[in-house]
Amino acid sequence: MVEPADRSSTAGQRLGAPESFGVSTLEPGLRPPAQPPGRQVSIRVQMLDDTQEVFQISQRSPGKVLFDLVCAHLNLVEGDYFGLEYQDQRKMTVWLDLLKPTLKQIRRPKNTILRFVVKFFPPDHTQLMEELTRYLFALQIKRDLACGRLICNDTSAALMVSHIIQSEIGDFDETQSWQHLLHNKYLPDQDAIRDEIIDCHREHVGQTPAESDYQLLEIARRLEMYGVRLHPAKDREGTKLSLAVANSGVLVFQGNTKINSFNWSKIRKLSFKRKRFLIKLRADPTNAHHDTLEFAMASRDCCKVFWKICVEYHAFFRLFEEPKPKPKPILFTRGSSFRFSGRTQKQIIDYVKDSEPKKVPFERKHSKMLSNSSMSPQSASTRSHVPKEVMQLAVHFIVEAEFLFVSNLTLSLIFSCHLLLLFVLFLTPASPPLSIFFFYSRPSGSPGSENSPLGGPHVAVNGNGSVNGQRMGSTGVLGAEQSPEVQPLSPLTSPLLTEAGYVRNDEEDEARRKKFPTDKAYFIAKELLTTERTYLKDLQVITESFQSAVGKDEAFPDSVRSLISANYDPVYKFHQGFLKETEQRLAQWEGRSNAHIKGDYQRIGDVLLKNIQGLRQLTIHLQKHSECLVELERACRSSRKVETLCRDFEQQRVCYLPLNIFLLRPLHRLLHYKLILERLCKHYPPTHDDFRDCRAALADISEMVLQLQGIMMKMENFQKLIELKKDLTGVEDLMSPGREFIRLGCLSKLSGKGLQQRMFFLFSDCLVYTSRGMTPSNQFKVHGQLPLYGMTIRESEEEWGVPHSFTLFGQRQSVVVAARYSLTHISLPLTGLVFTCLFFAELSEDGGGEQESEDELGGSRSSLERQGHRGNTTVHVCWHRNTSVSMVDFSIAVENQLSGNLLRKFKNSNGWQKLWVVFTNFSLFFYKSHQDDYPLASLPLLGYSVTVPSESENIHKDYVFKLHFKSHVYYFRSESEYTFERWVYSNRQMQKCN
């Protein structure tokens, strides 16, 4: 049994030092920084080992809060050598400013990944006082070599790679070293010098990983391109050059050759004016250079980025302490207020020396077991030794035998399996740790709120005895069972924020006996299965139902029919096989076959890896899906009969969503695979047999998502414009090139008849306001269209006497509208898109607009049969419930699609009804089973709130959540804590859109 840890594991233990030795400088504790109050935002950071971590920060937090969180996560004392870089909206790589609010720098945090990298390269690596810091620098050198940034001759390259291999797999073994080089790429042209790398590796016998890191940094620091980040420029004659900054000063390169350098002591001032970067030198009679050197860069932004890093380099290496902020001028400002923020190099060295009277000799262990996720996936299943397999089999038999004992089947089997386990425990020697940097455990002292899909304070589940909505975990002999909140941590995760074990809970054991399996990974895999079933049904709408409906009609163009068939049929056929494999694996996992007798079947990563690699072969078809969408829309515009065919098909029950949404499903499904794999990788410890396959599959699917993301965003915008075109009448050229949909929502417009409800549509170039028409298709009639160019906003509450009113001033007309919240924070006229978020706010549930009945919007009883789909679109739901939805909300809804079995109960009913439920497009769709071709009913959820039942509601069941809007109340019950959290989280994400 794994013993609970009495205290946090120390950095010394993590680096391989004996437990009884002194105190590390990392141990005093880097606690997460205090944050200002406000809404929490998730920021994704990629570490130097290519793992990604998500950090929660307040929306008003400066960049320093996020940076300190990363350093605390890594337990990094010398963090000031590092920085966070990202690509801004101009596609320029910039550093996160620690003094400015993070969200003012990162406009789209959900779509931005910050990279934690080395920012300041010291001239001598011996100035790095901590072993962990040197390890991180070694990872940076490894990355620079791989991407071709650290250019050097073949001899130096081979020698550095040999030291990297020595630190990863240890002493030279010809077969192992050769295989390792085949499966890992350290240089762009590695094959040409592979023999030289092998020869160098032979010479490193007996060298420890820490010594290898030291030698790697020793070689790298002597290279001309060490720590150099080139910034393209031209001199006065127009010669192409590159500028760089180093610890010694400003460097000038021509190609990859340094042709000049300007030491800090010779530089009087650095400045920039528009596209010109200026270096003013101190007067020197012996210097042949001009007093001022001028370089032309691509833009003013490029100049400013380079100027900022020069300022920071100078302050970090030349100053004794952090520069103080300039006093604010009374009247006018001159120049930039930018300054370096953080400790200087001297302050870091002094701090480490002063805070550590007793230095511990650390030893870093080899990390060959997890050195690279690109190695053959088959090797992951053959790594474990025979004794470990026997032990796992014994544990499995005990768990299953206890499960059978509950059913009064056998007692002798339990006894014999316990004897087998004791035999294995006494005869199997303890295995040494695989890698000191691959440490995993549960967050210390936290309820797991950071890892839960709920993303905040947990909801207490009725009657199950859980704490804050989370059950305590229990560990088996091998620690294979993890509690739902446990994440596998990065190899760089701080041990200060973790502990090695946790307390066993009797209620968890009871749940284990009631239902098997209970591992969180099983329910994640089951989510993959349930959503895959829904996805295949959605593909079937295109490949079978739609093609059957239009295939017999000569009016439908053969070219469009062939294009859709050629690019969707292969995808559908592939996912049929994928679904079959997933169903077979889940059946084995649940024990519904005899496959478990032959080996380990409680894993899903191998299935995902195999099929995602197969899915990559279909990329050419996925790229063609945008063409299918465009050609289908073009055919509808050119032929009224084709348009009628498509409209009639949308009225069929099998087409429960707008037709064009089904065309987007394959690209959306890639996002779902990525999110599922991220959850699996966070759940598994790095030593788990399934972790390697999941990690490799995640890398593959992330690459596909990145490759197809641009196409997907264009398709989503195009599809939304098509849908709005169907909902609006009286507007010409809605789908003009370059136009992007931003948001739709209800406001009250002031007219001669008083305040009247209007539906507003905000695009990237105009604002359209409409009212609901009385046409058979319930289209919205356009009353006005205001260009955004030159538009301003002014509060008008006092002028018109209407609460929360404001006036939109266009070039030719003005409109007075009213919202249901205060605009007191607006004091100046705003132009362009700045007012996007001002008049579409969260609206209260009571009052406003027409009083809606559930029957109008399609409640839960046969609503799809009572009315056509055009009366049940998002626009109509927003009109009835007086709310708004943005394009960002649609993207969030796509990510949070979900399906599976739920038990449903009405407010005044007694029994629970089992249904197959699909959550998509802001609605719940109800089926009798997953095999049904069309839903029985739907429930639009915009405006609904999700909570848990109170004690007074007498719902004495586990995992129950409640959906309610005005007098409409529905209860839903899920099968496990994980599925409960996923449904609540998905509905809460939808709730934020209201």
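The sections below set out a description of the structure shown in this document. (Residues numbered from 1 in each chain as written. Predicted model: local features only at pLDDT ≥ 70, side-chain atom pairs only at ≥ 80, totals over all residues. Heavy atoms only, no water.)

Quick look at the overall build of the chain
(1) Moving on: A tally of regular secondary structure across the chain gives 27 helices and 30 strands.
(2) Moving on: A total of 994 residues make up the chain; the buried ones form 53% of that total.
(3) Moving on: A sequence separation of at least 24 residues applies to 66% of the contacts in the chain between residues at least 6 apart.
(4) Moving on: Put simply, the chain shows about 45,500 Å² of open surface, and 52% of that area lies on carbon and sulfur atoms. (Helix = DSSP H or I, 4+ residues; strand = E, 2+ residues; numbered from the N terminus. Buried < 20%, exposed > 50% of the residue type's maximum accessible area, 1.4 Å probe, protein only. Contact = heavy atoms within 4.5 Å. Areas by Shrake-Rupley, 256 points an atom, 1.4 Å probe, with all protein chains shown as cover.)

Overview of the side chain of Asp 144
(1) Moving on: Turning to its location among the elements, Asp 144 is positioned in helix H4 (residues 131–146).
(2) Moving on: Among residues more than four places away in sequence, those in contact with Asp 144 are Phe 121, Arg 149, Leu 150 and Arg 229.

Some thoughts on the side chain of Gln 547
(1) Moving on: Among the structural elements, Gln 547 can be located in helix H14 (residues 520–551).
(2) Moving on: Judged by its relative accessible area of 16%, Gln 547 is buried.
(3) Moving on: A polar contact of 3.5 Å, which involves the side chain of Gln 547, links it to the side chain of Asp 569.
(4) Moving on: Excluding its chain neighbours within four sequence positions, the residues that come into contact with Gln 547 are Ile 542, Ile 564, Ser 565 and Asp 569. (Polar contact = N/O pair within 3.5 Å; in protein donor to acceptor, adjacent residues only side chain to side chain.)

Some details on helix H8 (residues 209–221)
(1) Moving on: Relative to the 18 Å expected for 13 residues at 1.5 Å per residue, H8 spans 18 Å between its end C-alpha atoms, a close match to the ideal helical length.
(2) Moving on: Those residues of H8 lying buried are Pro 209, Ala 210, Ser 212, Asp 213, Leu 216, Leu 217, Glu 218, Ile 219 and Ala 220.
(3) Moving on: Contacts from the buried residues of H8 go to H4 and helix H5 (154–169). (Expected span 1.5 Å × (residues − 1).)

Quick notes on the sheet that holds strand E2 (residues 52–58)
(1) Moving on: A sheet is described by the order of its strands in space; here 5 strands give the open sequence E2-E1-E5-E3-E4, paired in mixed fashion. Two strands bound the open sheet, and with one partner strand each, they are E2 and strand E4 (93–95). Neighbour-to-neighbour, the strand axes of this sheet turn through a mean angle of 40°, independent of strand direction.
(2) Moving on: Relative to strand E5 (residues 113–118), strand E3 (residues 82–87) runs antiparallel, the two being bridged by 4 bridges. Across the sheet, residue Leu 84 finds its bridge partner in E5, namely Phe 116.
(3) Moving on: Contacting strand E1 (40–46), E2, E3 and E5, helix H2 (residues 63–74) crosses the sheet at an angle of about 135° to E2.
(4) Moving on: Relative to the sheet, H4 contacts E1, E3 and E5, its axis offset from that of E5 by approximately 110°. (Pairing = 2+ DSSP bridges. Axes fitted to C-alpha atoms, helices over the stretch in contact; angles between N-to-C directions.)

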